[in-house]
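Structural features, examined
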Amino acid sequence: MTHVEDELTSQPECWARAASQAAHHAKVLPAPGERVAIVGCGTSYFMARAAAALREGAGQGETDAFAASEFPHGRHYDRVVALTRSGTTTEVLDLLGRLKGVVRTTAITADPDTPVRTAAGELVVLDFADERSVVQTRFATTALTLLRAHLGLHPDAAVTDARTALTEPLPEGLVECGQFTFLGRGWTVGLADEAGLKMREAALAWAEAYPAMEYRHGPISVSTRGTATWMLGDPPDGLDRQVRDTGALWIAGRLDPLAELVRVQRLAVAVAASRGLDPDSPRHLTRSVILEP
């Protein structure tokens, strides 16, 4: 078993533990009414987008999400939350350094013994969700689970659905597809982007992601026999029929959307295996992006 396989299978337990700890971390996480920015890089950025949409949609305050390198320094926030698995990513540390003494900052990390300890004002440590793999799985989903639970939006069914996602077979013919499109709505748009990233990182697959309603505005033209379109969350009316009419394989998101992402992680590993690739050694990637001064 690869590191990524071992880690992704532990997600139900990690989610349950994170949800149980949410109240303990409440004082350093965004309070209702605060104006908040959530930042990250790569997978963490996509989780930030999902968390921001959830928080704002819950009426808890204006919430933006940015890639750490694109943070708008002229804009005021009451708190900035940084998601960083390694605690060493250059763009995140640079941003936290610039914000120190200017705005309250909280970093959610897997490793406190890294520069993020002194760069951030407050720290939430999810060391039980740390990973050896380059490709992120359980840390990202566990951090999002913590934030969902903090918002009161973590359903008990999510953990049960994650276990289902790990045990039920993938849809027939999916691994053999040559192109994958992932769709989301609201907070699951970030999950769709992350699903596409997993396929590109682990399996070198042609994968795209879009807001579901945007799919009709051009991207559907790539759908045909031998491609797959996967909906994370509830689809717009009639979209499943339109996709099937192209000849593409339609995958409905029956589980909690975060559990659907677990199914995609399994798909990425399966496609990698079918192509003779090692998902623990993705091309051109390292576990953390650390830039020279």
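This section reports on the structure supplied with the text. All values derive from a computational prediction rather than experimental measurement.

**Comments concerning the environment of Ala18**
Looking at the element boundaries, Ala18 is found in helix H2 (residues 11–21). Residues within four places of Ala18 in sequence aside, it is in contact with Phe128, Thr142, Thr145 and Leu146.

**Re the packing of aromatic side chains**
Following the criterion strictly, the structure yields 5 aromatic pairs and no others. Seen from their ring centres, Tyr45 and Phe46 are 5.6 Å apart, and the 35° between their planes marks the pair as tilted. What makes Tyr45 partly exposed here is its relative accessible area of 24%. Look at Phe46 and you get buried, because its relative accessible area is 13%. Relative to Phe71, the ring of Phe66 has its centre 5.8 Å away and its plane inclined at 80°; by these criteria the two rings are edge-to-face. There is no split in this pair, since Phe66 and Phe71 are both buried. Put simply, the rings of Phe66, Phe71 and Tyr77 touch in pairs and so form one group of aromatic residues. The cationic tip of Arg35 hangs over the ring face of Tyr77; the distance from NZ or CZ to the ring centre is 4.9 Å.

**What about the pattern of salt bridges?**
Evaluated as defined, the whole model comprises 16 salt bridges. Arg241 is paired through a salt bridge with Asp245; the nearest N and O atoms lie 3.4 Å apart. Separated by 4 residues within a single helix, Arg241 and Asp245 lie in helix H9 (residues 239–245), roughly one turn from each other. Under the relative-accessibility criterion, Asp245 is labelled exposed at 58%. A salt bridge links Arg263 to Glu260; its shortest N-O distance comes to 3.0 Å. In this pair, Arg263 and Glu260 are both assigned in helix H10 (residues 257–274), 3 residues apart and thus about one turn of the helix distant. Taken individually, Arg263 and Glu260 each receive the classification buried, so the pair is uniform in this respect. Through salt bridges with shared partners, a single network forms among Glu168, Arg254, Glu260 and Arg263.

Cut-offs and rules
Residues numbered from 1 in each chain as written. Predicted model: local features only at pLDDT ≥ 70, side-chain atom pairs only at ≥ 80, totals over all residues. Heavy atoms only, no water. Helix = DSSP H or I, 4+ residues; strand = E, 2+ residues; numbered from the N terminus. Contact = heavy atoms within 4.5 Å. Phe/Tyr/Trp six-rings, centres within 6.5 Å; stacked < 30°, edge-to-face > 60°. Buried < 20%, exposed > 50% of the residue type's maximum accessible area, 1.4 Å probe, protein only. Lys NZ or Arg CZ within 6 Å of the ring centre and 35° of its normal. Salt bridge = Lys/Arg side-chain N within 4 Å of Asp/Glu carboxyl O.

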